[in-house]
Amino acid sequence: MLIDFRPHARLRADQPVDLMASVAPVVAALADSAWDLSRVRVVCDWVQYRENFRDVVDARPIMSAPGCRPDLEVAVDVRRGGEAALGSLAAACLSGGSGRVYLEDWALGSAGCVWSFNALYWSALELWEKASGRGYEQALPGGESDGRNRDAARELIHELFEVWDSLARSAAIPAELVVVELGVGNGHQAKVFLDEFRRADQARGSDYYRRLHYLMCDYSQHVLDLAGETVAAHAGRVSSVTLDATRPLTSLAFLKHKVFLVYVSNMYDNLPTDEVAQLNGRTYAVETRAYLPSPAAAELADSISGTPGQLPGLVHKLLRLGPRLLTDAAPAHFPDVDSAVEFWRRAWSMLRLEERYVPLAGLDQYAVTAQCDGEALRPLLESGADVRMHVSNGAVASFADSLLLLHPYGRLICHDLFVTGVEGYRSQFRGPGKYDGSVVNWVNGPLIAHVGRRSGFDVHYEPFRHQSAGHIVTMTAQARD
Amino acid sequence: MTRGKVRARVPALPTTVVGSYPVPAWMERLKTDHSRGRMSYSQLQDVHDMAIKAALLDQDLAGIDIVSDGELRRDNDIDYTLARMPGIEIPEPVKDYYFDYHEARVAALPAVPAPPLGLAADYAFTSAQTSAPIKFSFTGPFSLSCRVRERGQVSRRDLVMAMAGVLNAEARALAELGAELLQIDEPFLAGHTDQTALAVDAINVVTAGVDVTWALHVCYGNRYARPSWEGHYDFLFPEVLRADLDQLVLEFARKGDDDLAIIEKFGWPGELGLGVVDVKSPDVESPELVATRIRRALRHLPADRLMINPDCGLRNLTGATARAKLAAMVRGTRIVRAELATPTETTQGATP
């Protein structure tokens, strides 16, 4: 049996975790089970997200050849384990646990319905915010998107001015100076940038503001409309483009090699991702399937005058149609929009993910993105040491596509939650967690850096300098050589 | 009149390549393993030998008239030659990734006689594998100098001219082995447009006394399939007119053919290697598009002064895409050849 206690730093904290209390009851439950203990691993995490997709104890089959009995991973949330009857939870989990209402079949994480929930949150944001009584930025850990930091914006603008001054000296500055923001939120970060840009340009007497073309890009026209109102004072300089953040080039091909700044703030951590794992020398994809715990599902079904068996169909209708149209599609269950939104919020709150490990036949048999196969993961896995990591598929796709937009002297700057080294996956839980109606996963920094490097870009990470606390990292990608 | 005998061995509008050929992902891994000391040099050479044979076969099957070794022994456009240049030191020879550039510095001014750079031996291997005419390319002294970070007391000009002398000795060795078409690549020149005179001075040292067909390739960068600079070829003129060259090999497919007028305007007397395939795009051109690009060029230059090639090396494409592009290039060229054989309105006025 292998025991992997990842939050080991907490053993030395002011209020240290009790290792024995976190692990021994689980091991005892395993000893009482029929499992071959030589084929079991116990993995302990400290799941820092109050809202997440895990139970205190989860069982994850590690699949092998068809017909062979899988190995087993037992996952423990140490944070909640201290408050729970861990032994009995583990025993119940090992015996199959209480019933579950599954919402989907097994699939790679990025294909799971949690991402449909995530997309719905952004497309029907105003309904969620109305029901929750707070804006999405308030739901973020820092209470404010990092893009709104004025010091960071000033620094960035100063650096852009230096590049343009240099190009102007060699008569190589284009007539239009293009900045692209991917994922605009409520437009406040664009407003901070544009306000500071105009002020700085006027102060130095240059003419860059007049030549600036700021493109706000988001997949939601509704979000763009709201953001457009926020930057109304800069209307002559701003355009809006509706696009899929994972494929910006599809909509912005006309800007290939023309953009001086692609700015991304807290978006990559909210894009679909798979997870892969290297366990005992073998590489696995993590498959998931979403479920609702039976007791909670029964309550939810009762609240809409339905049965648990109807829930998967109704959830998928919700995800496909949104809460407004759901009232037309299922009026017997949802007499008004408020009831549909309440169903959405409750379903999201109770949503859990079951997981299993499925062997990969070869890295090239796995697609990180449509353009990038799993060979990109090789440098991260080649040490052979056990690790489980996010692939950040959506972030990698968005990043790789965005690089093609950049002018030879352009750069991509991103503020987000990055894991900056593979070892970072071995000591801290990196998601998924829940922010209100959306998903958060830390972004695989080493993979992004590798993909950037293979495209001719140096990728640099440093802690976000304009925020004293927090985990936000600034990633900068710039053409090398 | 173009020097050398290549023209006599190929049809009108001969098709050729610029130099590099796709490096498969598995070979990139092996090259990186070698640069990290995890694979021996002799094993890597075996890999290179087989890859070059395959690249030659690919070009043969595509119908390319003048082939190359694909520059498959080289990590990138600089290091292979620069690291062998006498007087140049590479302080940290281990690379994380084979395609990275070495950092280089001057320990002494390169001088001849010097140990061979190995280019002639590479040519000898290639010529033993094919009976087709070969284009052999190497990076020019100006671009090599651009990757030397520490020159100490040595001036840029002295370094460039000294490296040109070493390359001239290598070119003489290449000619003695039967090389017919040598191409100097200056991938950094478009980023230093005020240095054309120096580059041309050095080119004239490289080519001096070497009686082959000499080509110069200048593009706007192809590292990682990205342009490094933007601009127009007018920066080459009038300096390049005094270069001892027979052919300019330039990119037009990606940039459009506006610059063809520049070639005509400045009265370039030699041949033009016409880039008709965009090597920065995975989209395969149709033969008809290739034919159209050649016809447009024929408005500016006669057929006997054109060679047909991709914009730049094919290194950044997949093998399948490169093969498809080369095949399209050959088919498109054949369309125009047929038209030249039976002149139509589209080509009639342009033929000499």
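Residues numbered from 1 in each chain as written. Chains lettered and ligands numbered in written order. Predicted model: local features only at pLDDT ≥ 70, side-chain atom pairs only at ≥ 80, totals over all residues. Heavy atoms only, no water.

J.: Teacher, can you tell me more about the overall build of chain A here?
T.: Counting its secondary structure elements, chain A contains 17 helices and 21 strands. Taking 2.2 N^0.38 as the reference for a compact globule, 481 residues should give roughly 23 Å; the C-alpha atoms of chain A span a radius of gyration of 24 Å, in line with that estimate. Structurally, chain A occupies a C-alpha span of about 75 × 55 × 45 Å along its principal axes. Here the contacts in chain A between residues at least 6 apart in sequence split such that 77% fall between residues at least 24 apart. Of the roughly 19,800 Å² of accessible surface on chain A, a fraction of 51% belongs to carbon and sulfur atoms. Of the side chains in chain A, 47 bear a positive and 59 a negative charge, and the two mean positions are spaced by 2 Å. (Helix = DSSP H or I, 4+ residues; strand = E, 2+ residues; numbered from the N terminus. Rg over C-alpha atoms; globule rule 2.2 N^0.38 Å. Contact = heavy atoms within 4.5 Å. Areas by Shrake-Rupley, 256 points an atom, 1.4 Å probe, with all protein chains shown as cover. Lys, Arg positive; Asp, Glu negative; His and termini not counted. Charge placed at Lys NZ, Arg CZ, Asp CG, Glu CD.)

J.: Hey, could you run me through the pairing of strand 13 (residues 352-359) of chain A in this one?
T.: Consecutive residues of a regular strand have side chains that alternate between opposite faces of the sheet. Residue and element names in this part refer to chain A. Burial of strand 13 is extensive: six of the eight residues sit out of reach of the surface. One ladder, built from eight bridges, connects strand 12 (residues 282-293) with strand 13; its direction is antiparallel. Its bridge partner being in strand 13, V286 is matched across the sheet by Y357. (Buried < 20%, exposed > 50% of the residue type's maximum accessible area, 1.4 Å probe, protein only. Pairing = 2+ DSSP bridges.)

J.: Please explain the environment of Q310 of chain A as it appears in this structure.
T.: All names here are of chain A. Within the secondary structure, Q310 is located in the loop between helix 12 (294-303) and helix 13 (311-329). In sequence terms Q310 and V101 are 209 residues apart; their C-alpha atoms lie 9.8 Å from each other. Among the polar contacts made by the side chain of Q310, one reaches the main-chain amide nitrogen of T307 at a distance of 2.8 Å. (Polar contact = N/O pair within 3.5 Å; in protein donor to acceptor, adjacent residues only side chain to side chain.)

J.: I tried to follow the packing of aromatic side chains on my own but got confused; where do I start?
T.: Pairs of aromatic rings are described using the distance from one ring centre to the other and the angle between the two planes. Here the structure, examined in full by the defined rule, presents 31 aromatic pairs over all chains. Above the ring of Y102 of chain A, the side-chain terminus of R289 of chain A is found at 3.9 Å from the ring centroid. (Phe/Tyr/Trp six-rings, centres within 6.5 Å; stacked < 30°, edge-to-face > 60°. Lys NZ or Arg CZ within 6 Å of the ring centre and 35° of its normal.)

J.: Any chance you could explain the nonpolar core here in plain terms?
T.: Burial of nonpolar side chains together is a common tendency in soluble globular proteins. Counting 107 residues, the largest nonpolar core has F138, L182, W214 and L274 of chain B as the members making the most contacts within it. Top element by residues in this core is helix 7 (residues 156-176) of chain B. It accounts for eight residues. When near neighbours in sequence (up to four residues on either side) are disregarded, F138 of chain B contacts R74, L119, L167, L174, L182, Q183, I184, D185, V206 and W214 of chain B. The next biggest cluster of nonpolar side chains, apart from the first, holds 63 residues, and it includes L360, A395, V440 and W442 of chain A. (Core = buried A, V, L, I, M, F, W, Y, C linked by side-chain atoms within 4.5 Å.)

J.: Teacher, can you tell me more about the pattern of salt bridges here?
T.: Close approach of charged atoms allows side chains of opposite charge to pair. Summed over all chains, the structure comprises 55 salt bridges over all chains. Of the charged contacts in the structure, one is a salt bridge between R199 of chain A and E196 of chain A, with a shortest N-O distance of 3.3 Å. Separated by three residues within a single helix, R199 of chain A and E196 of chain A lie in helix 8 (residues 188-204), roughly one turn from each other. Judged by relative accessible area, which is 43%, R199 of chain A ranks as partly exposed. Under the relative-accessibility criterion, E196 of chain A is labelled buried at 5%. E285 of chain B serves as the salt-bridge partner of R293 of chain B, at 3.8 Å between the closest nitrogen and oxygen. (Salt bridge = Lys/Arg side-chain N within 4 Å of Asp/Glu carboxyl O.)

J.: How should the sheet that holds strand 20 (residues 457-463) of chain A be read in this particular structure?
T.: Through backbone hydrogen bonds, the strands of a sheet pair up, either in parallel or in antiparallel fashion. All names here are of chain A. The seven strands are arranged 9-8-7-10-15-21-20 in an open sheet whose pairing can be described as mixed. Strands at the two margins of the open sheet, each flanked by one partner only, are strand 9 (238-242) and strand 20. Adjacent strand axes in the sheet meet at a mean angle of 20° when their direction is disregarded. Across six bridges, strand 15 (residues 406-416) lies against strand 21 (residues 473-479) in antiparallel orientation. Within the sheet, the bridge partner assigned to R411 lies in strand 21 and is Q478. Running over the sheet, helix 10 (residues 221-230) touches strand 8 (212-218) and strand 9 and is turned about 140° from strand 8. Here helix 16 (residues 393-403) sits on the sheet and contacts strand 7 (177-182), strand 10 (259-265), strand 15, strand 20 and strand 21; the angle it forms with strand 15, its principal contact strand, is near 155°. (Axes fitted to C-alpha atoms, helices over the stretch in contact; angles between N-to-C directions.)

J.: Sorry, what's going on with helix 10 of chain A here?
T.: In an α-helix, one turn spans 3.6 residues; hence positions three or four apart end up facing the same way. All names here are of chain A. Within the span of helix 10, buried status applies to V223, L224 and A227. Projected onto a plane normal to the axis of helix 10, the buried residues spread over an arc of 95° and lie on a single side. Residues of helix 10 that are buried make contact with helix 4 (114-123), strand 8 and strand 9. (Arc of directions from axis to C-beta.)

J.: Which parts of the structure should I look at to understand the sheet that holds strand 2 (residues 104-106) of chain B?
T.: All names here are of chain B. Within the open sheet, the three strands sit side by side as 1-2-4. Their pairing is mixed. Bordering the open sheet on either side are strand 1 (88-89) and strand 4 (148-150), each of which pairs with just one other strand. Pairing of strand 1 with strand 2 involves two bridges; the strand directions are antiparallel. The residue bridging I88 from the neighbouring strand is V106, located in strand 2.

J.: It is not clear to me how the environment of L167 of chain B should be interpreted in this structure. Could you clarify?
T.: Residue and element names in this part refer to chain B. Summarising the element assignment, L167 is placed in helix 7. Take L167: its relative accessible area is 0%, and that puts it in the buried class. Considered as a pair, L167 and L117 are 50 residues apart in the sequence and their alpha carbons are 8.3 Å apart. Setting aside its immediate chain neighbours within four residues, L167 contacts T81, M85, L117, F138, T139, G140, P141, L144 and V206.

J.: Just checking my understanding: could you explain the interface of chain A and chain B for this structure?
T.: Interfaces are often sized by the accessible area lost when the parts come together. Listed by partner, the interface residues are 17 residues for chain A and 15 residues for chain B. Together, the buried faces of chain A and chain B total about 1,300 Å²; carbon and sulfur atoms form 43% of this surface. Between chain A and chain B we count five salt bridges in total. Across the salt bridge formed by R454 of chain A and E28 of chain B, the nearest N and O atoms sit 2.3 Å from each other. The tally of links between chain A and chain B comes to seven residue pairs in polar contact (both at pLDDT 80 or more). Mapped by element, the contributors of at least two residues to the side of chain A that touches chain B are strand 15 and helix 17 (445-454) of chain A. Ranked by residues supplied to the side of chain A that touches chain B, first place goes to strand 15 of chain A with four residues. (Buried area = accessible area lost by both parts, 1.4 Å probe.)

J.: Would you take a moment to explain the domain arrangement of chain A for this structure?
T.: Residue and element names in this part refer to chain A. Domain assignment breaks chain A into domain 1 (1-97) and domain 2 (136-271 + 384-479). Computed over C-alpha atoms only, the centres of domain 1 and domain 2 are separated by 38 Å. Taken residue by residue, the interface counts 16 residues in domain 1 and 15 residues in domain 2. Together domain 1 and domain 2 conceal approximately 1,200 Å² of surface at their shared face, both sides included; 55% is due to carbon and sulfur atoms. (Domains from an automatic or database assignment.)

J.: When you look at a nonpolar patch on the surface in this model, what are you seeing that I'm missing?
T.: Among the surface-exposed residues, M1, I3 and L37 of chain A lie close enough to one another that they form a single nonpolar patch of about 230 Å² accessible area. Residue placement: I3 of chain A occurs in strand 1 (residues 2-5). (Patch = residues over 30% accessible without salt bridge, like charges linked within 9 Å, V, L, I, M, F, W, Y side chains within 5 Å.)

J.: Any chance you could explain the state of the cysteines here in plain terms?
T.: Any covalent bond linking the sulfur atoms of two cysteines counts as a disulfide. Overall, the coordinates contain zero disulfides over all chains when judged by the stated rule. C312 of chain B takes part in no disulfide bond, and the closest cysteine sulfur, belonging to C219 of chain B, lies 3.7 Å away. (Disulfide = S-S within 2.5 Å.)

J.: Please clarify how the side chain of R430 of chain A should be interpreted in this entry.
T.: All names here are of chain A. The topology assignment puts R430 in the loop between strand 16 (418-419) and strand 17 (433-435). Among buried Asp, Glu, Lys and Arg side chains, R430 stands out as unpaired, with E423 the closest opposite charge at 8.1 Å. R430 has contacts with H390, V419, G424, Y425, N441 and W442, leaving out every residue within four places of it along the chain.

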